Structure formats: structure tokens, C-alpha cells
Amino acid sequence: MRPVRRALFAVLLALPCFAATDTLQPVKEGLARDAARAAVEDMRFRIRGRTLAVAPFRNDPEGIVTAAFKEAISGKGDFEIKEPSTWREVWDKIVGNDKDAPLTWKQAVELGEKLEAECVLFGRVETMLVEENRSFADVKFRIVYVKDTGAGQKAGDGLFIGRYHTKLEGGITSLPYFRVWMGETSTWMRIFIWCVVLLILPFLTLLARDSLSQAAPIVPIGLVLLMTGVDLFLALLLMGFQASGILSWGLLVLALAVSIFYNLTILAKVAQLQLPGRD
């Protein structure tokens, strides 16, 4: 049982590393993705393959909306996102110290020229309101040409202009809100719940020990897989169904190993037990 204790102790130490610094971030990300998805669905360009520089959105200090638009546009495939390693240095030189002022089309064109992009996307988050039962976002942006195209378009002309209002309703079926609820739950409480289920679940087989003793060998194997699946599902549930980094995936692998080893150990012990009054 010592290896089980050591592995379980490692899980306990690792879980606090995943406590969210901003519990409202899942809702903000949900709003940003909805706005970006709606914008991409409205973009219907005849010419594909243009290079695009995405300027950081104003009033988006965490970069959530900017990241959502980059991901959505890259996934659609109309543009090739230009993001060299030096773009932040170029950006800081263009906007200077006034990073909250609205970006002008001339500054956007200058950014595109520096990054050698054909088009530039820039915009502003007008509203990002997160409330208990309903959240709302208002995002506006535009895509402009960096150079004259020779087909009537001049540098600074708009290729696409849009403004999008998105909202999320609170509720147990809303995944972003569920992640917020998980984030607001004490990390140690989530650890406690997972450990209680992990420790108790295999002992439920005592209720059907007679039947299991006469069952085919595949049945105990199926039970181990079932209980391990329940343990992993609960771990994902308590993590808010988020495993986006190496550490979180490592934690899930560790939880899988602990679950399999513990379930096998307890089932083997249960199989050796002699019930009172039985030979």
C-alpha cells in the first residue's frame, strides 16, 4: 500500500498548482470565442491566403479577445497570421506609452508594413460584463489593407468591418459558468471529494462479492476499468473539464495510475476476504 500512498500524496501536492488566478476567465473566454466565431462566419472573402497582422484589441488587458480572434481566423484559413518574435517590440514603438488610446488606421497600416503583412485587424472591446446569471460582450473591429492593391483599394481602406454583441446565460448546463463555479470552489475541497470517491468506490464490490466470485475473469477487469473511468471523469469534472497544459495532463496521467493501482489492490484484497459463516 505504500506506493499508493506516495502516488496519492503526489496528487494532493500537484492539484493546488491548478487553482485559477481569475475565476471569471472561463466566462470571458466563452464570450470572446462566441464573438470571434460570429465574425469569422460573416467573413466571406473571394481571395484567400492573404497575410494578416492582428493588433492587440483595446480594453483587452488579458489578451483574451485578441487570442480568440487569432485562433478563429487561423482555423478558417482565409488568412495567414503574421506573428514574428519581434512583433511586440514593433507594436510598442508604434503606440508608445498610450496603449489605451484607440488605434488609428495609420498606426494599423504602419504595423502591417513593419510586419510585412497585407492586411491588419484592429479593434476594441467596448464591453465585457460578467454577472452571476448573464454575461455580455460588445466587440468591434476592422480589417484594413496595408498597401494599395491596384484594384481600387488604397492603404487604410476597409476589407471588413464588424461589431458583435454576444451573451452567455448562467446555469448548470453552461460550461463556462460551470468552470467558474469549480474555480470558486476550494481546491482542497475538490481534492477531498476526489479522494473520498477514490477510496470508497472499490469497497462497493463487497455488496456483490458472491456474484463476483463466480463471474468470468473479464468481469473484475471490467469493474477496474469502470471504476477508473469514474475516477478520471470526476477528476476532469473537478478541474472544470480543462486540461490545457502539460502539468494538467500530467496530473490526469498520475490520477489514472493511482486509480488503476488502488482499484486493483482493493479488489484483490476483497477477493481474499472470507465472509462470516462461509468456508
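Please refer to the structure placed before this passage.
Because the structure is a prediction, the values reported are computed rather than measured.

Peer 1: Before we move on, can you summarise the packing of aromatic side chains with the specific residues and values?
Peer 2: In the structure shown here, the tally under the stated rule is four aromatic pairs. Between phenylalanine 141 and tyrosine 164 the ring centres are 6.2 Å apart and the planes differ by 25 degrees, which places this aromatic pair in the stacked class. Of this pair, phenylalanine 141 sits in strand 4 (residues 134-145) while tyrosine 164 sits in strand 5 (residues 158-169), and the two are 23 residues apart along the sequence. Looking at tyrosine 164, the relative accessible area reads 11%, which means it is buried. Members of the aromatic cluster, each reached through a chain of ring pairs, are Phe57, Phe69, Phe141, Phe160 and Tyr164.

Peer 1: Kindly report on a nonpolar patch on the surface, identifying the contributing residues and their values.
Peer 2: Taken together, the side chains of Met189, Phe192, Ile193, Val196, Leu199, Ile200 and Leu204 define a hydrophobic patch exposed on the protein surface, amounting to about 600 Å² of accessible area. Looking at the element boundaries, isoleucine 193 is found in helix 7 (residues 187-200).

Peer 1: Describe the pattern of salt bridges, with residues and values.
Peer 2: Per the stated rule, a full pass over the model turns up eight salt bridges. Ionic pairing is found between arginine 37 and aspartate 34, a salt bridge with its closest N-O pair at 2.7 Å. Taken together, the positions of arginine 37 and aspartate 34, both in helix 2 (residues 25-42) and three residues apart, correspond to about one turn of that helix. Residue arginine 37 is classed as partly exposed on the basis of its relative accessible area, which comes to 43%. Taking relative accessible area as the criterion, aspartate 34 reaches 23% and is therefore assigned partly exposed. Among the charged side chains, a salt-bridge network with shared partners connects Arg124, Glu126 and Lys140.

Peer 1: An account of the environment of lysine 269 is needed here, citing residue identities and associated values.
Peer 2: Tracing the sequence through the fold places lysine 269 in helix 10 (residues 246-272). On the accessibility criterion, lysine 269 (48% relative accessible area) is partly exposed. Counting along the chain gives 66 residues from lysine 269 to phenylalanine 203, while the straight-line C-alpha distance between them is 9.8 Å.

Peer 1: Describe in detail the sheet that holds strand 2 (residues 79-81), supporting the description with residues and values.
Peer 2: Strand order in this open sheet of five strands is 2-1-3-4-5, and the pairing throughout is mixed. Every interior strand has two partners, whereas the edge strands, strand 2 and strand 5, have only one. With strand direction ignored, the average angle separating the axes of adjacent strands in the sheet is 30 degrees. As paired elements, strand 4 and strand 5 share 11 bridges and run antiparallel to each other. If you follow arginine 142 over to strand 5, its bridge partner there is isoleucine 161. Packed on one face of the sheet, helix 2 meets strand 3 (119-129), strand 4 and strand 5 and runs near 140 degrees to strand 5.

Parameters and conventions
- Residues numbered from 1 in each chain as written.
- Predicted model: local features only at pLDDT ≥ 70, side-chain atom pairs only at ≥ 80, totals over all residues.
- Heavy atoms only, no water.
- Phe/Tyr/Trp six-rings, centres within 6.5 Å; stacked < 30°, edge-to-face > 60°.
- Helix = DSSP H or I, 4+ residues; strand = E, 2+ residues; numbered from the N terminus.
- Buried < 20%, exposed > 50% of the residue type's maximum accessible area, 1.4 Å probe, protein only.
- Patch = residues over 30% accessible without salt bridge, like charges linked within 9 Å, V, L, I, M, F, W, Y side chains within 5 Å.
- Areas by Shrake-Rupley, 256 points an atom, 1.4 Å probe, with all protein chains shown as cover.
- Salt bridge = Lys/Arg side-chain N within 4 Å of Asp/Glu carboxyl O.
- Pairing = 2+ DSSP bridges.
- Axes fitted to C-alpha atoms, helices over the stretch in contact; angles between N-to-C directions.
- Contact = heavy atoms within 4.5 Å.

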